[in-house]
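Remarks on the overall topology
Here is how the chains run, residue by residue.
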Amino acid sequence: MTLILMYHKTGTFPENRVQACQLQLRAARYIILNEHLYKRRFFLPLLNCITREQGQKVLTEIHNEVCGNHVMG
């Protein structure tokens, strides 16, 4: 994800030509708005890109809040 963010902010490519082409194709699906990276989708709202740590926090919060009482039956 950091390569895509760097490409959008600075326009720099990896030195490897194949990786540069792959990055350019993947980066076309993303956009930066207000310093946040979003993934574009067809007919859907933009998806907010988050780090692994943020993802783990979100999953933990969802599991504790939504599934916490499920165990009691």
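Described in the following lines is the structure provided in the data block. (Residues numbered from 1 in each chain as written. Predicted model: local features only at pLDDT ≥ 70, side-chain atom pairs only at ≥ 80, totals over all residues. Heavy atoms only, no water.)

Let's shift gears to the environment of Lys 9. By secondary structure assignment, the location of Lys 9 is in helix α1 (residues 2-10). When the C-alpha positions of Lys 9 and Glu 35 are compared, they lie 9.4 Å apart, and in sequence the two are 26 residues distant. Ignoring any residue separated from it by four or fewer positions in sequence, one finds Lys 9 in contact with Ile 32 and Glu 35. (Helix = DSSP H or I, 4+ residues; strand = E, 2+ residues; numbered from the N terminus. Contact = heavy atoms within 4.5 Å.)

Turning our eyes to something else, we now look at the nonpolar core. Counting 6 residues, the largest nonpolar core is built from Ile 4, Tyr 7, Leu 23, Ala 27, Tyr 30 and Leu 37. Taken together, the elements giving at least two residues each to this core come down to α1 and α2 (17-27). If we skip the residues at most four places from it in the chain, Ala 27 touches Ile 4, Tyr 7 and His 8. (Core = buried A, V, L, I, M, F, W, Y, C linked by side-chain atoms within 4.5 Å. Buried < 20%, exposed > 50% of the residue type's maximum accessible area, 1.4 Å probe, protein only.)

A separate point is the pattern of salt bridges. Throughout the structure, instances matching the rule amount to 1 salt bridge. In this structure, Glu 35 engages Lys 9 in a salt bridge whose closest nitrogen and oxygen atoms are separated by 3.5 Å. Linking Glu 35 in the loop between β1 (30-33) and β2 (36-39) with Lys 9 in helix α1, this pair joins segments that are 26 residues apart in sequence. Since its relative accessible area comes to 62%, Glu 35 is described here as exposed. Residue classification places Lys 9 among the exposed positions, given a relative accessible area of 51%. (Salt bridge = Lys/Arg side-chain N within 4 Å of Asp/Glu carboxyl O.)

The subject of this paragraph is the sheet that holds β1. Reading across from one edge, β1-β2-β3 is the order of the 3 strands in this open sheet, with antiparallel pairing throughout. Two strands close off the open sheet at either side, each with one partner strand: β1 and β3 (47-48). Examined bridge by bridge, β2 and β3 share 2 bridges and lie antiparallel to one another. Bridge pairing in β3 places Lys 39 opposite Leu 47. (Pairing = 2+ DSSP bridges.)

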